Amino acid sequence: LNATDGCTPFVIMPQDASSSNTDSWSWDAPGANPSNSMDQAPTFTYNTPGTYTLTLAVSNEAGTDTHSVDLTVGQGPSADFTYDYTIGTTTVNFNNLSAEANAYEWNFGDGNFSTETDPTHDFSADGIYTVELVAFNDCSSDTIEYEIEITTAPTASFSLSDTDGCAPFVVMPQDASSANTDNWSWDAPGASPPNSMDQAPTFTYDTPGTYTLTLTVSNEAGSDVSTIDITVGEGPSADYSYDYTIGNTSVAFNNLSTNANNYEWHFGDGSMSVDASPNYNYAMDGIYNVQMVAHNDCGTDTVTYEVEIITAPVASFSLSETSGCAAFTVMPLDASSANTDNWSWDAPGADPSSSMDANPVFVYNTPGVYTLSLTVSNEAGMHTMTMDITVLDVPASDFSYQVNGVTVSLENQSANANSYTWNFGDGNSSDEENPTHEYQSVGDFIISLTAENGCGTSMMLDTVSLSLDAPVANFVVENNVGCAPLEVSFNNASENATSYMWTFDGGMPATSTEEHPTVIYDEPGIYSATLLAINPAGSGALTQMDIVVVNNTPQADFLYDIDGATVSFTNNSQDGGEYAWLFGDGEGSAMENPSHTYSTGGEYEVILLATNDCGVDTSTQLIVLEGEAPVPGVSVHDSVGCAPFTITYFSTVTGGEATTYEWTFEGGTPETSTDPNPEVLYETAGVYTVQLTTTNAFGSNSIEETDIITVLDTPEASFTSEQIGPSEFNFTSMVSGGGNLEYSWDFGDGNGSNEANPVHLYEEEGTFTVELTVSNECGEVVATGEVEIVIDRVIDESWLQYLNVYPNPNEGQFALEIKAPASDRIQARLINVIGQSLYEVQDDFHTGYWNHHFQLNKLPTGVYILEVKAGEQKAYRRVVVE
């Protein structure tokens with residue numbers, strides 16, 4: 001046939017494929033036009049939908065044979081729908097009444113589409129929408145459309161250019177309500193007019209205060225209200241007081257203004273402030289006109305008061321000179337503050353000793369130090385200033401001295417002098433106050449001191465006798481032992497010397513006249529030094545032999561002897577103080593003559609570092625060792641068995657040949673062994689670890705094989721059951737024993753399962769014996785229990801016309817469709833296998849028809865129960881999520 005199904009009119013032209021010995025053909029086509037034919041290649045037309053059988057009978061003189069083919073004839077769909085809509089909302093529920101359709105396309109007239117069977121759509125705005133439904137099947141499509149009017153309550157909104165102002169305040173609100181508004185109602189208490197029905201009214205507020213302007217908008221779907229608060233203000237009233245204490249410059253101003261929100265203060269001295277109640281410090285005394293200006297958005301007000309500032313005076317004066325020779329005349333110049341009313345001078349020791357003049361004259365006749373004071377005053381208080389005055393006398397020259405060899409230390413004991421001149425009697429002089437002088441010869445010398453000040457001069461003479469012993473040479477040395485280049489400090493300890501001459505064997509410099517020279521020695525060796533000490537009475541010499549020792553750097557060298565993997569080292573270094581050995585395998589030593597055992601054979605570069613205070617030297621030699629420590633491995637023929645389980649371990653060694661074996665067997669008998677291939681017994685089920693260490697002359701290596709042996713036991717089994725639906729149970733197995741576990745369930749109703757934790761649905765009431773058989777390599781065990789099924793009468797679903805869940809199984813996205821007697825509410829709840837509610841939805845059920853799409857993409861794979869409740873009636877469906 002060209003096809004076995006199609007749409008009306010369905011035309012078929014069967015192609016005969018009967019055997020070549022056919023003599024006659026008889027076609028039977030009930031429901032077709034024609035309904036039969038004797039042609040070999042007829043044509044049949046089916047005009048009515050349905051399922052038909054086309055039969056061909058062929059025959060010849062030897063007999064007859066038949067062949068039949070079933071045909072399916074379909075027709076195009078019929079589109080139709082109704083909808084549920086409540087005025088004032090934007091949501092429409094569409095009820096698909098199409099027939100013979102298997103797919104749908106909705107055009108909601110607002111640019112949105114859907115392919116759901118019974119969609120719910122939210123329209124974004126009021127209007128009249130043409131909703132079109134196209135119904136499809138494999139034969140054709142059909143289209144129907146209806147107009148739907150969406151009407152919602154309006155939204156009230158308006159704006160004001162200003163929400164506050166000064167009386168009279170004119171308000172012209174701008175309506176911004178939604179376009180579906182039919183009526184406007186304005187309420188403006190305190191305004192003129194107090195209300196209006198215009199869309200754009202004008203209101204005038206003549207009295208200050210706070211008011212609320214209200215707009216109510218409405219249409220046939222409902223109403224809405226919007227309000228804005230309005231503040232009407234008035235001008236300010238300015239006033240203030242102030243707090244002032246005579247003698248201060250600070251004034252505290254107290255703001256007494258009303259109905260003001262900002263202020264300007266002008267303090268009468270060019271300064272201002274915007275604080276509400278400022279504190280201000282005046283720079284000087286005076287009478288000031290202080291003005292305060294009070295502001296608000298409706299105007300300003302000003303008030304001015306006089307403030308007088310009176311402070312105590314400040315005493316001050318100056319002198320052309322503060323010291324002089326008796327009789328010393330002082331003429332102080334007054335510099336006190338301008339607010340001074342009275343002057344009082346106190347001049348003890350002067351003539352006169354006091355005065356009330358502003359600028360008096362005082363004479364000091366007697367040398368000494370005096371204090372001149374001035375006290376000034378006014379009605380606010382007083383202030384005093386003092387100044388010291390020095391009256392000088394002619395100087396008196398005097399001195400004493402100390403002699404140390406040819407050095408004389410002089411102490412000036414003169415009085416009333418401010419400059420000095422010394423003459424030492426050997427042609428030298430000084431203007432220091434207390435000089436020290438060194439003579440170049442011995443004998444008697446006349447020393448004179450001339451003392452001077454502005455009032456005159458004075459001289460004193462004295463004779464000094466000098467004698468001196470011959471010098472004794474001596475010195476000590478610091479840092480005289482070390483490495484080249486060595487810097488040595490020579491410290492002079494001679495007695496009675498005034499000059500020095502040094503000689504340094506091998507040093508740089510070779511000679512020196514410094515008192516404490518520093519000398520550098522560049523070459524290793526042992527050196528002497530000589531000091532000649534000199535004074536005017538003679539000289540003395542000292543030579544210290546071998547006083548400087550300059551050391552050499554070390555010379556590293558060694559020999560070695562090999563015994564298997566152990567090497568003994570002999571240190572032949574010279575001048576070494578400390579030693580460090582690097583054996584070439586990451587190990588080392590600080591011993592002078594160490595021995596070292598290597599873990600593996602090979603070539604090793606051995607380095608000896610010889611160290612002293614002068615440096616480091618290295619010696620390197622290559623050592624070749626033939627041999628290496630054994631590396632163990634472990635193998636078994638069978639690693640899994642039933643207790644008691646006996647196993648033989650096989651050691652495998654790479655690298656060097658092992659001389660000893662040390663085994664440790666966790667949980668085994670014996671616990672340890674030294675055999676290369678030991679046999680071990682395990683009597684208790686578990687997973688066990690083995691350790692092996694192999695050793696030879698080059699060392700040892702260890703291996704630990706974790707979880708290498710698994711010992712099994714016959715399993716132990718039990719189970720629990722949990723009812724998760726009216727007749728559905730979740731069975732959970734609890735098994736120990738390990739191995740390759742296999743499960744076999746007998747639910748007692750002729751059904752079973754091989755899952756570890758199955759879910760089973762019983763079809764009828766009763767008490768059922770459930771049997772679980774668990775087996776592994778070591779045997780099997782059987783656990784039994786009972787469950788009782790009682791199907792409650794409330795689960796009687798005769799009240800339903802139909803309840804469909806599709807698709808089922810699903811991936812968490814499925815639809816529920818129900819038709820039943822109408823009630824107020826319908827509820828759907830999804831429950832997991834332990835009774836927890838995962839999702840719940842409620843809706844009205846006034847029409848007796850309801851559908852809902854569940855979008856639960858994140859649900860874990862498993863079995864769930866869907867409970868549907870309408871009034872007191874319930875129904876359940878099993879939902880499988882894959």
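Note that the coordinates shown come from a computational prediction; the quantities given were computed from them, not determined experimentally. (Residues numbered from 1 in each chain as written. Predicted model: local features only at pLDDT ≥ 70, side-chain atom pairs only at ≥ 80, totals over all residues. Heavy atoms only, no water.)

## Observations regarding the overall build of the protein chain
Right, so step 1: For the protein chain, the count of helices and strands is zero helices and 84 strands.
Right, so step 2: When the backbone C-alpha atoms are referred to their principal axes, the protein chain occupies close to 185 × 120 × 60 Å.
Right, so step 3: Counting only residues that meet the buried cut, the protein chain has 35% of its 882 residues in that class.
Right, so step 4: Across the protein chain, the fraction of contacts at a sequence separation of at least 24, relative to all contacts at a separation of at least 6, is 54%.
Right, so step 5: Surface summary for the protein chain: the accessible area is close to 46700 Å², and the carbon and sulfur share equals 44%.
Right, so step 6: For the protein chain, the centre of its 9 positive side-chain charges and the centre of its 126 negative side-chain charges are spaced 44 Å apart. (Helix = DSSP H or I, 4+ residues; strand = E, 2+ residues; numbered from the N terminus. Buried < 20%, exposed > 50% of the residue type's maximum accessible area, 1.4 Å probe, protein only. Contact = heavy atoms within 4.5 Å. Areas by Shrake-Rupley, 256 points an atom, 1.4 Å probe, with all protein chains shown as cover. Lys, Arg positive; Asp, Glu negative; His and termini not counted. Charge placed at Lys NZ, Arg CZ, Asp CG, Glu CD.)

## Quick notes on the state of the cysteines
Right, so step 1: Using the criterion set out here, one finds five disulfides in the structure.
Right, so step 2: Shown here is the disulfide that connects C166 with C298, its sulfur atoms set 1.7 Å apart. In this structure the cystine formed by C166 and C298 twists about its S-S bond by roughly -100°; its chirality is therefore left-handed. Here C166 is found in strand 16 (residues 164-166), whereas its partner C298 is found in the loop between strand 29 (286-296) and strand 30 (299-309), with 132 residues between them in sequence.
Right, so step 3: Exposure remark for C166: the relative accessible area of 26% places this residue in the partly exposed category.
Right, so step 4: The side chain of C325 participates in a disulfide bridge whose partner is C455; the two sulfur atoms lie 1.7 Å from each other. Looking down the S-S bond of the C325 and C455 bridge, the torsion is -105°, so its handedness is left-handed. Taken together, the residues C325 in strand 32 (residues 323-325) and C455 in the loop between strand 46 (443-453) and strand 47 (456-466) connect sequence positions 130 residues apart.
Right, so step 5: Looking at C325, the relative accessible area reads 29%, which means it is partly exposed.
Right, so step 6: Within the protein chain, bonded cysteines paired by disulfides and numbered along the sequence follow the pattern 1-2, 3-4, 5-6, 7-8, 9-10. (Disulfide = S-S within 2.5 Å.)

## Concerning the sheet that holds strand 60 (residues 595-597)
Through backbone hydrogen bonds, the strands of a sheet pair up, either in parallel or in antiparallel fashion.
Right, so step 1: One open sheet holds the three strands; their spatial order is 56-57-60, and the pairing between them is antiparallel. In this open sheet, the two edge strands, each paired with only one partner strand, are strand 56 (558-563) and strand 60. On average, each strand axis in the sheet is inclined to that of its neighbour by 20°, with strand direction left out of account. (Pairing = 2+ DSSP bridges. Axes fitted to C-alpha atoms, helices over the stretch in contact; angles between N-to-C directions.)

## Considering the side chain of S823
Right, so step 1: Note that S823 resides in strand 80 (residues 823-831).
Right, so step 2: Taking relative accessible area as the criterion, S823 reaches 18% and is therefore assigned buried.
Right, so step 3: Engagement of the side chain of S823 in a polar contact is seen with the backbone oxygen of R825, the distance being 3.2 Å.
Right, so step 4: Ignoring sequence-local partners within four residues, the contact set of S823 consists of F845, H846, A870 and G871. (Polar contact = N/O pair within 3.5 Å; in protein donor to acceptor, adjacent residues only side chain to side chain.)

## Re the layout of surface pockets
Right, so step 1: Put simply, the largest pocket is a space of about 500 Å³.
Right, so step 2: Lining the largest pocket are 22 residues, with D84, N93, T120, D843 and W850 sitting closest to its centre.
Right, so step 3: Looking at the lining of the largest pocket, the element that brings in the most residues is strand 82 (residues 849-855), giving five residues.
Right, so step 4: Taken together, the residues that form the lining of the largest pocket break down as six nonpolar, eleven polar and five charged. (1 Å grid on protein atoms, 1.4 Å probe; cavity = no way out; pocket = protein on both sides within 12 Å on 5 of 7 lines; lining within 4 Å. Points joined across faces, edges and corners; volume = space filled by probe spheres on them. Nonpolar A, V, L, I, M, F, W, Y, C, P; charged D, E, K, R; others polar.)

## A few points about the pattern of salt bridges
Right, so step 1: On inspection of all chains with the given rule, the structure shows three salt bridges.
Right, so step 2: The shortest N-O distance in the salt bridge between E728 and R878 comes to 2.5 Å. Taken together, the residues span a long stretch of sequence, with E728 in strand 72 (residues 728-736) and R878 in strand 84 (residues 873-881) at a distance of 150 residues.
Right, so step 3: With a closest N to O distance of 3.2 Å, R829 and E867 form a salt bridge. (Salt bridge = Lys/Arg side-chain N within 4 Å of Asp/Glu carboxyl O.)

## Remarks on the environment of G233
Right, so step 1: Relative to the elements of secondary structure, G233 occurs in strand 23 (residues 222-233).
Right, so step 2: A residue is classified by how much of its surface remains accessible, and G233, at 21% relative accessible area, is partly exposed.
Right, so step 3: With 337 residues separating them along the chain, G233 and T570 place their C-alpha atoms 110 Å apart.
Right, so step 4: Those residues in contact with G233, other than ones at most four positions away along the chain, are G165, C166, A167, P208 and C298.

## Focus: empty space enclosed by the protein
Regions of empty space are outlined by a rolling probe, equal in size to a water molecule, passed over the atoms.
Right, so step 1: Tallying each qualifying case throughout the model produces one cavity of 30 Å³ or more.
Right, so step 2: There is about 40 Å³ of room inside the largest cavity.
Right, so step 3: Taken together, T117, D118, Y806, A815, E817, Y849, N851 and H853 make up the lining of the largest cavity.
Right, so step 4: Among the elements of the structure, strand 79 (813-819) and strand 82 are those that each provide at least two residues to the lining of the largest cavity.
Right, so step 5: The dominant element in the lining of the largest cavity, judged by the number of residues it contributes, is strand 82, at three residues.

## What about the pairing of strand 10 (residues 103-107)?
Right, so step 1: On strand 10, burial follows the alternation: Y104 and W106 on one face are buried, whereas A103, E105 and N107 on the facing-out side are not.
Right, so step 2: Across five bridges, strand 10 lies against strand 13 (residues 127-136) in antiparallel orientation. Counted as the bridge partner of E105 is V134 from strand 13.
Right, so step 3: Alignment of strand 10 against strand 11 (residues 113-114), held across two bridges, turns out to be antiparallel. For W106, the partnering residue across the bridge sits in strand 11 and is S114.

## Some points on a negative patch on the surface
Right, so step 1: A contiguous patch of negative charge on the surface is contributed by E306, E308, D341 and E379.
Right, so step 2: Along the chain, the position of E308 falls in strand 30.
Right, so step 3: Here E308 falls in the partly exposed class, since its relative accessible area comes to 44%. (Patch = residues over 30% accessible without salt bridge, like charges linked within 9 Å, V, L, I, M, F, W, Y side chains within 5 Å.)

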